[in-house]
Amino acid sequence: MRKLFAGVGAVLLATVAAVFAFGPSAHAATGFTVGGGKLYDANGSEFVLRGVNHAHTWYVNQTSSFANVKALGANSVRVVLSSGDRWTRNSAADVSNVIQLCKTNRLICVLEVHDTTGYGEQSGAITLDRAVDYWLSIASALNGQEAYVIVNIGNEPYGNQNYSSWATDTSNAIRRLRTGGITHTIMVDAPNWGQDWSFTMRDNAPTVFNADPARNTVFSIHMYGVFDTAAEISDYLGRFRSRGLPIVVGEFGHNHSDGDPDEDAILSYTRANGIGWLGWSWSGNSGGVEYLDMATNFNPNQLTSWGTRLFNGTNGIRQTSRQASVYDSTPPPTTPPPTTPPPTTPPPTTPPPAAGCTATYSIAGQWQGGFQGDVRVTAGSSAITGWTVRWTFANGQSVNQSWNVTVTSSGSTVTARNVDYNGRLGAGASTNFGFLGSWNGTNPAPALTCTAS
């Protein structure tokens, strides 16, 4: 189990920061790139991480977790791996399987080595240089996956001691990865158990960013007890924004032994400013922090209060997650998560004219009084610039909440229109939107019509 930061209060000091302008990465657009403080996928579309951490290295048999977090709306997952120095090594074959699970479920994989956690303070923790050795040793699993994988060099690479060399060691690690042929977007964690209360990462971020010859590095802050006020959160993240440096919240929770993070402020500020995040963690926590589990015993039908908040609450995953555009023409998984029964009837389809579209409707999950619907829109033989899907519920069902779509209802008739980022589809390309609904009695799939523009 990861050693979590404890016992350090934070007082953010006012500093004067120079403004730096960082242009788009010179890195070839075969995978993710960064520019102007934003992350872009291989299609050049802006991508904002909205996902969770999954402790794969300790729970290698929990492979259904990838499908389950996707079904709940996540667009990414940060996967815990081990170099073999502190826990059982994840082989290149295992990492390849993890990447395939992400791709099958249309998730972006952020892969991290956990053995670096708390180096300089935690016994047995390894250096970033040692983590680079691991990444280079499994390069066969990474090469060619630049459009789907971000490499997070090492988790929380320094504790609260001996962290002054963070900038030098991180810069050297980035250079070694590039020299070794790793062309992915790189993510780097802050020292101080990831929380950077010393501002070491904050103040040295421009130097580290410029150490990457590809200019394709993202910074990751972990927000626990140090970040217990909205002012601290906005000040820290805002300093990266003002310098055009890409920043994400790689871990955060709703509570912790070192204090009470302001998760509402984290979610609100990141949504308003297009900053990505990955909550800690899906399931399997121990050592007194079991309250950080989002699902009880990895069961997506038993979300905890933290899981319910992160997935379904204000500014959470349901409201803000957008699938990476590299998956927009990728068919959904051939089988639903094990806990989700398949629809009892095939989804209805309306054949379109050559320049039209089709829409399919399925029930991704159902419980007493409520259900999750998923609609897939596919362009016909010609590209389209927008789409509208309509249906009429036959048994009094209603839509309560939706994502990746604008929904209006008039009685039992529902009209769903594309939003600005998913209306343009190439010939045969697809996109998905979803919603939460209410039902009483029976919940049959309605017939859909799809109109393209």
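### As for the packing of aromatic side chains
The relation between two aromatic rings is expressed through the spacing of the ring centres and the mutual angle of the planes.
Right, so step 1: In total, this model carries 19 aromatic pairs according to the counting rule given.
Right, so step 2: Both rings, one in Trp282 and one in Phe311, keep their centres 6.0 Å apart while their planes meet at 85°; by these two values the pair is edge-to-face. Of this pair, Trp282 sits in the loop between β10 (277–279) and α9 (305–312) while Phe311 is found in helix α9, placing the two residues 29 residues apart along the sequence. Like Phe311, Trp282 is buried.
Right, so step 3: Considering the side-chain rings of Tyr361 and Trp391, the 5.9 Å spacing of their centres and the 70° angle between planes classify their relative orientation as edge-to-face.

### Regarding the nonpolar core
Right, so step 1: Core analysis: the biggest nonpolar cluster contains 93 residues, and Leu111, Trp135, Leu142, Ile153, Phe219, Ile221 and Leu237 have the highest contact counts within it.
Right, so step 2: If you look at the next biggest cluster of nonpolar residues, it comprises 24 residues, including Tyr361, Phe371, Trp387 and Ala416.

### Observations regarding unusual backbone geometry
Right, so step 1: Across the junction of Trp280 and Ser281, the peptide omega takes the value -15°, indicating a cis bond.
Right, so step 2: Relative to the assigned elements, Ser281 resides in the loop between β10 and α9.
Right, so step 3: If you check the backbone angles, Glu156 has positive phi at about 35° while not being a glycine.
Right, so step 4: Residue Glu156 is classed as buried on the basis of its relative accessible area, which comes to 0%.

### Quick notes on helix α3 (residues 128–137)
Right, so step 1: Among the residues making up α3, those that are buried are Leu128, Ala131, Val132, Tyr134 and Trp135. Summarising the axial view, the buried residues of α3 lie within an arc of 155°, below the 170-degree limit, and thus occupy one face.

### A few points about the side chain of Arg50
Right, so step 1: Structurally, the position occupied by Arg50 is in strand β3 (residues 50–54).
Right, so step 2: With no salt bridge to any partner, buried Arg50 finds its closest opposite charge in Glu46, at an N-O distance of 8.9 Å.
Right, so step 3: At a separation of 2.8 Å, a polar atom in the side chain of Arg50 contacts the side chain of Thr320.
Right, so step 4: Beyond its immediate sequence surroundings of up to four residues, Arg50 is in contact with Ala74, Asn75, Ser76, Thr270, Arg271, Ile275, Gly276, Trp277, Ile317, Thr320 and Ser321.

Basis of the calculations
- Residues numbered from 1 in each chain as written.
- Predicted model: local features only at pLDDT ≥ 70, side-chain atom pairs only at ≥ 80, totals over all residues.
- Heavy atoms only, no water.
- Phe/Tyr/Trp six-rings, centres within 6.5 Å; stacked < 30°, edge-to-face > 60°.
- Helix = DSSP H or I, 4+ residues; strand = E, 2+ residues; numbered from the N terminus.
- Buried < 20%, exposed > 50% of the residue type's maximum accessible area, 1.4 Å probe, protein only.
- Core = buried A, V, L, I, M, F, W, Y, C linked by side-chain atoms within 4.5 Å.
- Arc of directions from axis to C-beta.
- Lys, Arg positive; Asp, Glu negative; His and termini not counted.
- Salt bridge = Lys/Arg side-chain N within 4 Å of Asp/Glu carboxyl O.
- Polar contact = N/O pair within 3.5 Å; in protein donor to acceptor, adjacent residues only side chain to side chain.
- Contact = heavy atoms within 4.5 Å.

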